[in-house]
Amino acid sequence: GAGVSQTPSNKVTEKGKYVELRCDPISGHTALYWYRQSLGQGPEFLIYFQGTGAADDSGLPNDRFFAVRPEGSVSTLKIQRTERGDSAVYLCASSLRPTANEQFFGPGTRLTVL
Amino acid sequence: AQSVTQLDSHVSVSEGTPVLLRCNYSSSYSPSLFWYVQHPNKGLQLLLKYTSAATLVKGINGFEAEFKKSETSFHLTKPSAHMSDAAEYFCVVSVNTNAGKSTFGDGTTLTVKP
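Small disclaimer: the values here were computed from a predicted structure and weren't measured.

A. How the structure looks around the pairing of strand β5 (residues 31-38) of chain B. All names here are of chain B. For β5, the buried fraction is high: 8 of the 8 residues fall into the buried class. Because side chains alternate across β5, one face comprises the buried residues Pro31, Leu33, Trp35 and Val37, and the other comprises Ser32, Phe34, Tyr36 and Gln38, equally buried. Relative to strand β10 (residues 87-95), β5 runs antiparallel, the two sharing 8 bridges. Note that in β10 the partner of Gln38 across the bridge is Glu88.

Written out as structure tokens, the structure reads:
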């Protein structure tokens, strides 16, 4: 079956621009997670959704970052006024429920801010 | 609060010899613990998980881990390394009170020499 997909796989943008990163979770998974992975580090939690609502957004670094999941399936991570420090791989994962279940990860979007 | 420390950033073993990847955790509540593997240019994949059942957990590809509450450890082992085990390994903790928020360690790079 289809796994978690993320688009685009690579995104190069200029400092100050706006970007959107998309995640398609596994069908039927109610929980969806976003992480950011910088070079040489483990994934860093950003936000997770249970259904359409953001159950915990405590990992979002500042108000330039925002994520939505309007229909409880596809999610979009939005970054405004990008900075060079935003360059990283952005990972999305989904699980049946957010209760210590296995998270299934997508391949990630590599964001480069020039 | 929860945190994870992977004690070795790099581990190198010879093919056919045992593997030990060390992980210590800190958690205010009963934790769930996971090991994920990330092969180059591949997504993160779950190796095994501990969720308050048996303290010795068996995973895929011959890996296992033992939860030791007194030592706050969850070390990953394998009796005999295979070349295909070369990858990045992440130890992860989450707590049942906020199971959607997972904290990753910084990873251990496993090299397997022929």
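B. How the structure looks around the layout of surface pockets. The computed volume of the largest pocket comes to approximately 580 Å³. Lining the largest pocket are 24 residues, with Gln37(A), Leu39(A), Val89(A), Arg110(A) and Gln38(B) positioned closest to its centre. Listed by contribution, the elements that provide at least two residues to the lining of the largest pocket are β9 (88-95) and β11 (109-113) of chain A together with β10 of chain B. A per-class count over the lining of the largest pocket returns 9 nonpolar, 11 polar and 4 charged. Put simply, the second largest pocket is a space of about 160 Å³. Along its surface, the second largest pocket is lined by Tyr25(B), Ser26(B), Ser27(B), Ser28(B), Tyr29(B), Ser30(B), Pro31(B), Tyr50(B), Ser52(B), Phe67(B), Lys69(B) and Thr72(B). Element by element, the count of residues in the lining of the second largest pocket is highest for strand β4 (residues 23-27) of chain B, at 3 residues.

C. Highlighting the nonpolar core. All names here are of chain B. If you look at the biggest cluster of nonpolar residues, it comprises 26 residues, and the most contacted ones within it are Trp35, Leu48, Leu76 and Tyr89. A total of 4 residues in this core trace back to one element, the largest contributor, which is β10. Residues in contact with Leu76, not counting those within four places in the same chain, are Val19, Leu20, Leu21, Trp35, Leu47, Leu48, Phe63, Glu64, Ala65 and Tyr89.

D. A look at the state of the cysteines. One pass over the structure, following the stated rule, counts 2 disulfides over all chains. Residue Cys23(A) pairs covalently with Cys92(A) via a disulfide, S to S 1.8 Å. What sets the handedness of the Cys23(A) and Cys92(A) disulfide is the S-S torsion sign, and at about -65° it is left-handed. A residue pair is termed long-range when its members are at least 10 positions apart, and Cys23(A) in strand β3 (residues 19-24) and Cys92(A) in strand β9 qualify at 69 residues. The exposure class assigned to Cys23(A) is buried, which follows from its relative accessible area of 0%. Its relative accessible area of 0% is what places Cys92(A) among the buried residues. The disulfide partner of Cys23(B) is Cys91(B), and the gap between their sulfur atoms is 2.0 Å. The chirality of the disulfide connecting Cys23(B) with Cys91(B) is left-handed, given an S-S dihedral of about -65°. Pair noted here: Cys23(B) is in strand β4 and Cys91(B) is in strand β10, with a separation of 68 residues, a long-range link. There is no split in this pair, since Cys23(B) and Cys91(B) are both buried.

E. Seen up close, the side chain of Gln37(A). Take Gln37(A): it is sitting in strand β4 (residues 31-37). Side-chain polar atoms of Gln37(A) contact the backbone oxygen of Gln41(A), separated by 3.1 Å. Here Gln38(B) takes part through its side chain, which lies 3.5 Å from a polar atom of the side chain of Gln37(A). Apart from the residues lying within four places of it in its own chain, the contact partners of Gln37(A) are Gly42(A), Pro43(A), Ala88(A), Val89(A), Leu91(A), Gln38(B) and Phe90(B).

F. Fine view of the interface of chain B and chain A. At the junction of the two partners, chain B supplies 19 residues and chain A supplies 20 residues. Here chain B meets chain A over a buried area of about 1500 Å², counting both sides, of which 53% is carbon and sulfur. Our count for the contact surface shared by chain B and chain A stands at 0 salt bridges. At the junction of chain B with chain A, the criterion picks out 3 residue pairs in polar contact (both at pLDDT 80 or more). Counting residues per element, the ones that place at least two in the side of chain B that touches chain A are β5 and β6 (45-50) of chain B. For the side of chain B that touches chain A, the element with the highest residue contribution is β5(B), accounting for 4 residues.

What counts, and where the lines are drawn
Residues numbered from 1 in each chain as written. Chains lettered and ligands numbered in written order. Predicted model: local features only at pLDDT ≥ 70, side-chain atom pairs only at ≥ 80, totals over all residues. Heavy atoms only, no water. Buried < 20%, exposed > 50% of the residue type's maximum accessible area, 1.4 Å probe, protein only. Helix = DSSP H or I, 4+ residues; strand = E, 2+ residues; numbered from the N terminus. Pairing = 2+ DSSP bridges. 1 Å grid on protein atoms, 1.4 Å probe; cavity = no way out; pocket = protein on both sides within 12 Å on 5 of 7 lines; lining within 4 Å. Points joined across faces, edges and corners; volume = space filled by probe spheres on them. Nonpolar A, V, L, I, M, F, W, Y, C, P; charged D, E, K, R; others polar. Core = buried A, V, L, I, M, F, W, Y, C linked by side-chain atoms within 4.5 Å. Contact = heavy atoms within 4.5 Å. Disulfide = S-S within 2.5 Å. Polar contact = N/O pair within 3.5 Å; in protein donor to acceptor, adjacent residues only side chain to side chain. Buried area = accessible area lost by both parts, 1.4 Å probe. Salt bridge = Lys/Arg side-chain N within 4 Å of Asp/Glu carboxyl O.

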